[in-house]
Number of protein chains: 2
Amino acid sequence: MSRVVTIRTVAERAGCSIATVSRVINGSARTSAEVEARVRAAVEELGFRPSEIGRSLKTLRTRTLGVVIPSLTNPVFAASVAGMEAEARRRHHTLLLTATDYDAAREPEVVETLVAQSVAGLVLTVADADDNPTLDRLDAEGIPYVLVYNEPRRAERAAVSVDNAGATFTLAQAMIAQGHRRLVYLAGRFATSDRARTRYLGYLAAMEAAGLAPEPPLELDYLADPAGHGAAIAGVFGPPGRPTAALCSNDLLALSVMGALRVLGLRVPEDVSVAGFDGIALAGAAFPALATVDTPTRRMGERAVEKIFELLDGAAAPTLERLPFELRPGGTLAAAPDASPGAPARRQDDARPSQSASPETPSE
Amino acid sequence: MSRVVTIRTVAERAGCSIATVSRVINGSARTSAEVEARVRAAVEELGFRPSEIGRSLKTLRTRTLGVVIPSLTNPVFAASVAGMEAEARRRHHTLLLTATDYDAAREPEVVETLVAQSVAGLVLTVADADDNPTLDRLDAEGIPYVLVYNEPRRAERAAVSVDNAGATFTLAQAMIAQGHRRLVYLAGRFATSDRARTRYLGYLAAMEAAGLAPEPPLELDYLADPAGHGAAIAGVFGPPGRPTAALCSNDLLALSVMGALRVLGLRVPEDVSVAGFDGIALAGAAFPALATVDTPTRRMGERAVEKIFELLDGAAAPTLERLPFELRPGGTLAAAPDASPGAPARRQDDARPSQSASPETPSE
DNA sequence: CTGTTAGCGCATTCAA
DNA sequence: TTGAATGCGCTAACAG
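Since the structure is predicted, the reported quantities are computational estimates derived from the model, not experimental observations.

1. So, the pattern of salt bridges
Part 1: Here the structure, examined in full by the defined rule, presents 64 salt bridges over all chains.
Part 2: In this structure, Arg299(B) engages Glu306(B) in a salt bridge whose closest nitrogen and oxygen atoms are separated by 3.2 Å.
Part 3: One salt-bridge network, in which partners are shared between bridges, spans Arg298(A), Arg299(A), Glu302(A), Arg303(A), Glu306(A), Lys307(A), Glu310(A) and Glu321(A).

2. What about the protein's contact with DNA strand C?
Part 1: Contacts to DNA strand C come from 27 residues, most closely from Thr20(A), Arg23(A), Ser32(A), Lys58(A) and Ile7(B).
Part 2: Of all DNA strand C atoms lying within 4 Å of any protein atom, the proportion belonging to sugar or phosphate reaches 57%.
Part 3: Between DNA strand C and Ser17(A) there is a distance of 3.1 Å, counted from a phosphate oxygen to a backbone nitrogen or oxygen.
Part 4: Within the contact set of DNA strand C, a phosphate oxygen lies 3.0 Å away from a side-chain nitrogen or oxygen of Arg30(A).

3. Some words on the interface of chain B and chain A
Part 1: With 50 residues of chain B at the contact, the number on the chain A side is 50 residues.
Part 2: Here chain B meets chain A over a buried area of about 4100 Å², counting both sides, of which 60% is carbon and sulfur.
Part 3: When residues of chain B are sorted by the area they lose upon contact with chain A, Ile53(B), Arg89(B) and Phe287(B) head the list and together hold 15% of the total.
Part 4: Taken together, the links from chain B to chain A amount to four salt bridges.

4. With respect to the relation of the copies chain B and chain A
Part 1: Expressed as a screw transformation, the operator carrying chain B onto chain A has a rotation angle of 180° and an axial translation of 0.0 Å, and the superposed copies differ by an RMSD of 0.2 Å. Both copies of the chain, as the preceding transformation shows, are related through a two-fold rotation axis.
Part 2: Counting the interface residues of chain B, we find that 96% of their copies in chain A are interface residues as well, pointing to one common contact surface.

5. Describing unusual backbone geometry
All names here are of chain A.
Part 1: Note that the residue after Phe287, namely Pro288, is joined by a cis bond; omega there is -10°.
Part 2: Tracing the backbone through its elements, the reader meets Pro288 in the loop between helix H12 (281-285) and strand E10 (292-294).
Part 3: At Tyr149, a residue that is not glycine, the phi angle is positive and equals roughly 75°.
Part 4: Structurally, Tyr149 is set in the loop between strand E4 (145-148) and strand E5 (159-161).
Part 5: For Tyr149, a relative accessible area of 2% puts it in the buried group.
Part 6: In the Ramachandran plot, Asp278 falls in the positive-phi region, its phi being about 135° despite a non-glycine side chain.
Part 7: Turning to its location among the elements, Asp278 is positioned in the loop between strand E9 (273-275) and H12.

6. Details of a nonpolar patch on the surface
Part 1: Together, Leu57(A), Leu60(A), Leu57(B) and Leu60(B) give the surface a local cluster of nonpolar side chains, amounting to about 320 Å² of exposed area.
Part 2: Structurally, Leu60(B) can be placed in the loop between helix H4 (52-59) and strand E1 (64-69).

7. Considerations on the pairing of strand E4 (residues 145-148) of chain B
All names here are of chain B.
Part 1: Here E4 shows no split at all, with Tyr145 and Leu147 on one side and Val146 and Val148 on the other all buried.
Part 2: The pairing of strand E3 (residues 121-124) with E4 spans three bridges and is parallel. The residue of E4 that forms the bridge with Val123 is Val146.
Part 3: Of the crossover connections in this fold, the one passing from E3 over helix H7 (residues 133-141) to the parallel E4 is right-handed.

8. Remarks on the sheet that holds strand E1 (residues 64-69) of chain A
Strand pairing in a sheet is mediated by backbone hydrogen bonds. Such pairs are either parallel or antiparallel.
Part 1: Ordered by their spatial adjacency, twelve strands build an open sheet running E11(A)-E5(A)-E4(A)-E3(A)-E1(A)-E2(A)-E2(B)-E1(B)-E3(B)-E4(B)-E5(B)-E11(B), and the pairing between neighbours is mixed. Across the chains shown, the open sheet's two edge strands, defined by having one partner strand only, are strand E11 (320-322) of chain A together with strand E11 (320-322) of chain B. Taken pair by pair, the neighbouring strands of this sheet meet at an average axis angle of 20°, ignoring direction.
Part 2: With four bridges connecting them, E1(B) and E3(B) associate as parallel partners.

9. Notes on the packing of aromatic side chains
Part 1: Applying the stated criterion across every chain yields a total of eleven aromatic pairs over all chains.
Part 2: Their ring planes at 25° and their centres at 4.4 Å tell us that Phe287(A) and Phe287(B) sit as a pair that is stacked. Pair noted here: Phe287(A) is in the loop between H12 and E10 and Phe287(B) is in the loop between helix H12 (281-285) and strand E10 (292-294), and the two residues belong to different chains.
Part 3: Arranged with centres 5.8 Å apart and planes meeting at 35°, the rings of Tyr185(B) and Tyr203(B) form a pair that is tilted. In this pair, Tyr185(B) is assigned in strand E6 (residues 183-187) and Tyr203(B) in helix H9 (residues 194-209), connecting sequence segments 18 residues apart.
Part 4: Relative accessible area serves as the criterion here: at 1%, Tyr185(B) is assigned to the buried category.

The rules behind each value
In this numbering scheme, every chain counts its residues from 1 along its sequence in written order. Labels follow written order: the first chain is A, the first ligand is 1, and so on. Reporting of local features is limited, given that this is a predicted model, to residues whose pLDDT is at least 70; pairs of side-chain atoms are given and counted only at 80 or more, and all residues count toward the totals for whole chains, interfaces and linings. To obtain the side-chain values, all non-hydrogen atoms of the structure were used and water was disregarded. The working definition used for a salt bridge is a side-chain nitrogen of Lys or Arg within 4 Å of a carboxyl oxygen of Asp or Glu. Residues are labelled near a given molecule or strand when at least one of their non-hydrogen atoms is within 4 Å of it. A 3.5 Å cut-off defines polar contacts: any pair of N or O atoms within that distance qualifies, except that in protein one atom must be a possible hydrogen donor and the other a possible acceptor, and neighbouring residues in sequence count only when both atoms are side-chain atoms. Contact criterion: two residues are considered in contact whenever any of their non-hydrogen atoms come within 4.5 Å of each other. Take the accessible area each of two parts loses on contact, using a 1.4 Å probe, and add the two losses: that sum is the buried area. To line up the copies, we fit them by least squares on C-alpha atoms, keeping just the residues with pLDDT of at least 70 in both. Only DSSP runs of H or I reaching four residues or more are called helices, and only runs of E reaching two or more are called strands; each is numbered from the N terminus. Whether a residue is buried, partly exposed or exposed follows from its accessible area with a 1.4 Å probe, protein chains only, as a fraction of its type maximum: under 20%, in between, or over 50%, in that order. Nonpolar side chains (Val, Leu, Ile, Met, Phe, Trp, Tyr) within 5 Å and like charges within 9 Å form the patches, drawn only from residues with over 30% relative accessible area and no salt bridge. The protein chains shown are the only cover counted for residues, whose accessible areas, like all others here, come from Shrake-Rupley with a 1.4 Å probe. Only strands joined by at least two bridges in the DSSP assignment are considered to pair. Classification remark: right-handed applies to a crossover when, strands pointing away from the viewer, the course from the first strand over the helix to the second runs clockwise. As a rule, the C-alpha atoms of each element are fitted with a line to give its axis, helices using only the stretch in contact, and angles between N-to-C directions run from 0 to 180 degrees. Classification of ring pairs uses Phe, Tyr and Trp, with its six-membered ring standing for Trp, and accepts pairs whose centres are within 6.5 Å; under 30 degrees between planes counts as stacked, over 60 as edge-to-face, and the remaining range as tilted.

And the structure:
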């Protein structure tokens, strides 16, 4: 139905062979101006569009890039996919998009699907970039891929990321500088994100560098189980002697944690400071604005696609590449409640107070 | 390189013909248990995965859906694409994703690209669903498609949308009920969004129903020209007798307008009330929370993909389908500054139209 | 400069 | 139940 006009139709109309039509279309060889004009006319009249399928079958290569991300609902990935799309389009390629919904078990099948489509390469963010049979398989089959946000230990694994541990180290340091001594690290399930794990290392390092006692990470299933999430937060921040700062593995989690803290009657940042990671727009729009690590989300996607083409062209060997990040200050990060007033406690008061935080603020 | 093992390899390993392998894989015909076992073993050992390309060339149909959206950076579309992806995956299909960056001129080429890939169908949000040569071409070629958020006048054009005009009418009514009499409608460029145009009709209707004088829409190029955007806002809200309410064609614009108003020293909602459209998370996170129309963004995408399959199966004729929306109250919508604290001003006694703006000028 | 021809990987018809 | 053969739309190697 949709594909009634083929290269053969055009050849008949132009009164030449299909090879010549192909040559004109692809400019793969010289043709006489006369024939070329006839062919172009025929193409125009018939509205002919060469089938990528036929072309691919011959070439065994498509103009398609496979993309695997945890979820489009997370603005981090939406932005990086937007970058990929723009860069791919610039190179006359299209994206085949799939999501795993943060389920590592789904990685093999989506990659299978993509590979079955003969994608030219893959761009993916996986749960674990080191222990990953799916990537092993891609390596074995020589299918080029670039990871995004993952930081594989193996140097031969191409990746575009940020210094996850380093950035978190810096962020934790900033919190400590504000007088916080009991910082907790909150994350989604480690099994679904090696970034969360790597960032925890940054937290550990900062705590140790400051001579503070690090605490085990709190893994929250905030996506699948919002209720249990609130309960877990209550368990940590409810009791006296609670932490004064929450370092979250990503912005979405941080926002969710802020909500849970408010439900507990705790004020941010007066009672508890909060910080995130990623630098999504949502973080800046929140009130108070979320302190976070600003990562070049869109650029990451662009760069990943550039890199895939470098691999395809054999122009470069796969490497781990870290893009620059920046600490983004925000109202959610303030001096610790028990910090001495001499400390650089600063909080802009230009914004009006949100209705009423619970009157009885347990300040201890 | 990547495609070393074909159906032929499997056939040799299993000691049978490629036809038999095909039969086993697709269950298209009965085979003896013995041969089937051998084939499955060979498939397993070789890690064989049938090439979608080969299959498609034969079938002339792929398991791929083409998607065209203005931009992934707008959370509305990110969410709806997330819905499409989930629904497509459920049906063993993949998405070929493209974006136009709000440039209608790019629609023909991206659709061409998608069609050249022999997608099974298309899901798209276009600039103008009525006057659109690209859609005409799809109609002519009988390629099935479903529009999202567009509301084509032609009933034969399949679409999943909301009642854009109706929702805006309701929202404008809510503003009027708060005592606002000078409402302006702000939009991105109409040329890039028929939704913005349709929503304006809702504004018009509400103004007329209330006996108020509607104003011409203010088209802002807030994406391409943030600076000019601020200046335009200043032009409208700077002078005395300024409007007390801004009805924006979408949430992203509304957020941007809020920022521009603050730069002018105007408070939201004390000086100016603001409302948006879409119901993105960003709107709820903003402070004050943005009053808006909550639309089922993700569900729209899911439903669109369901609908594409209904069309493909011939199970249904293309229709325009409107999903329910909901008014989402927010702190940005409050009583008009000059409204009497008593009852919502309905002004049916006052015959004089636009004369009366707020005589009390700003109090910065 | 142009035409003929041989596959690319697969599903499918036709025989056996 | 199975195998051989055909062709989907196209590119590329080879003749002419």
